[in-house]
Amino acid sequence: MSALLPDKILKQTPQQLRLIIGGSSGIGYGVAEACLELGCTVIISSASASRIAASISSLEEAYPSARSRISGYACDLGNHETLDSNIVSLFEKAVQEADGQLDHAVYTAGDALSITPLEKTTLEKIQQAGMVRFNAPLIVAREAAKYLEKSNTSSYTITTGSVSEKPHQDWVIVGCYAGSNHTMARGLALDMKPIRVNAVSPGAVDTTLWKMPDQEKQEAFRKWETKMAIGRVGQVEDVAEAYLYCMKSESNGKCY
Ligand SMILES: NC(=O)c1ccc[n+]([C@@H]2O[C@H](COP(=O)([O-])OP(=O)(O)OC[C@H]3O[C@@H](n4cnc5c(N)ncnc54)[C@H](OP(=O)(O)O)[C@@H]3O)[C@@H](O)[C@H]2O)c1
């Protein structure tokens, strides 16, 4: 990723410690890159220890001078039985590394989209789809509130998506959780105050979330692009800046 921000803004951003849950790929990885470019220390997390290790290696390769500022821990958020304890343990490890103080938490974790025709919808599918996209960001908020400095310079940023406002057929489960993430951010902004809480709501972005074969993916993207005002699917760099904005203490333009 090339430098995102001009020197004037870079100079104003102090060195900080940022925990990025979902930082092993896609949008979260892009946010990790951007944070490293700003001189911050970054802890990434995802479900898989091997993907964390691979992502740390590629970040180290891209930013050799930042090696000492990159680390990561596995934390599976998809299992009802272990969700709460895994998050508690993630924060304990992150805070130990941070010497007691985290400045920002970012939540971009997302598992496979539960795109399900209504007739195939089951209680189990609904509940499982909410594990990573609803239950986890709320439990993360509880832990983040314990460890983030109680200041309006700290922040917690979660992720929703444009399906929260623009429905697609068979996406009702995904859409409901995406809609609830807006409400979650607004509620948490009160419950976590003065820590700032925001939700970023991207449209389609070219990431590993789209797991179909490349040709199929390109065909889907071209189809969506005909309906998009700017005529192209977003890139991670386009979206990463939104998270940087939310982390900046001066950011209050569209904050909840
Ligand atoms: N890409 C888009 O077009 C788009 C549009 C709107 C909204 N969004 C939302 O943005 C968020 C990030 O999406 P993305 O495009 O960056 O997807 P991505 O590239 O697939 O990244 C998802 C991240 O979540 C982690 N993850 C998946 N399952 C997990 C689990 N059970 N526990 C902990 N971590 C888990 C992944 O790591 P591991 O696989 O290593 O666990 C990865 O770090 C998602 O909530 C997605 O719905 C994406």
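Report follows, based on the coordinates. Everything quoted here is computed from the prediction, not taken from an experiment.

### A closer look at the side chain of Ser-114
Then step 1. By the element assignment, Ser-114 lies in the loop between strand S4 (104-107) and helix H5 (123-147).
Then step 2. Beyond its immediate chain neighbours, meaning those up to four positions away, Ser-114 contacts Lys-125, Ala-129, Asp-170, Ile-173 and Val-174.

### Observations regarding the pairing of strand S2 (residues 41-46)
Then step 1. Counting buried positions along S2 gives 5 out of 6 residues, so the element sits mostly inside the fold.
Then step 2. Note: strand S1 (residues 17-21) against S2, 5 bridges, orientation parallel. Bridge pairing in S2 places Leu-19 opposite Ile-43.
Then step 3. The handedness of the S1 to S2 crossover, carried by helix H2 (residues 26-37), is right-handed.
Then step 4. Across 5 bridges, S2 lies against strand S3 (residues 70-74) in parallel orientation. Its bridge partner being in S3, Val-42 is matched across the sheet by Ile-70.

### Some points on the site of the ligand
Then step 1. Looking at the ligand, there are 31 residues lining it, with Ser-46, Arg-51, Val-205, Thr-207 and Thr-208 nearest.
Then step 2. With respect to the ligand, the backbone of Gly-26 contributes an N or O atom lying 3.4 Å from an oxygen atom.
Then step 3. A distance of 2.9 Å separates an oxygen atom of the ligand from a polar side-chain atom of Arg-133.
Then step 4. For the ligand, the protein covers 91% of the area, taking 890 Å² as the surface of the free molecule.

### Let's talk about the nonpolar core
Then step 1. If you look at the biggest cluster of nonpolar residues, it comprises 34 residues, and the most contacted ones within it are Ile-21, Leu-77, Tyr-107, Tyr-156 and Met-192.
Then step 2. Those elements that provide at least two residues to this core are S1, helix H4 (83-97), S4, H5, strand S5 (155-159), helix H6 (172-191) and strand S6 (196-200).

### Some words on the pairing of S1
Then step 1. Most of S1 is tucked away, with 5 of its 5 residues classed as buried.
Then step 2. Examined bridge by bridge, S1 and S4 share 4 bridges and lie parallel to one another. Looking at the pairing, Arg-18 lines up with His-104 of S4.

### Quick look at the packing of aromatic side chains
Then step 1. One pass over the full model with this rule turns up 5 aromatic pairs.
Then step 2. Arranged with centres 6.3 Å apart and planes meeting at 40 degrees, the rings of Trp-171 and Trp-210 form a pair that is tilted. On the criterion of sequence distance, the pair formed by Trp-171 in the loop between S5 and H6 and Trp-210 in the loop between S6 and helix H7 (214-225) is long-range, its members being 39 residues apart.
Then step 3. Trp-210 gets classed as buried once you look at its relative accessible area, which sits at 14%.
Then step 4. Three or more aromatic residues link up through ring pairs in this structure, and these residues are Trp-171, Trp-210, Phe-221 and Trp-224.

Rules behind the numbers
- Residues numbered from 1 in each chain as written.
- Predicted model: local features only at pLDDT ≥ 70, side-chain atom pairs only at ≥ 80, totals over all residues.
- Heavy atoms only, no water.
- Helix = DSSP H or I, 4+ residues; strand = E, 2+ residues; numbered from the N terminus.
- Contact = heavy atoms within 4.5 Å.
- Buried < 20%, exposed > 50% of the residue type's maximum accessible area, 1.4 Å probe, protein only.
- Pairing = 2+ DSSP bridges.
- Right-handed = clockwise from strand over helix to strand, strands pointing away.
- Near = heavy atom within 4 Å.
- Polar contact = N/O pair within 3.5 Å; in protein donor to acceptor, adjacent residues only side chain to side chain.
- Areas by Shrake-Rupley, 256 points an atom, 1.4 Å probe, with all protein chains shown as cover.
- Core = buried A, V, L, I, M, F, W, Y, C linked by side-chain atoms within 4.5 Å.
- Phe/Tyr/Trp six-rings, centres within 6.5 Å; stacked < 30°, edge-to-face > 60°.

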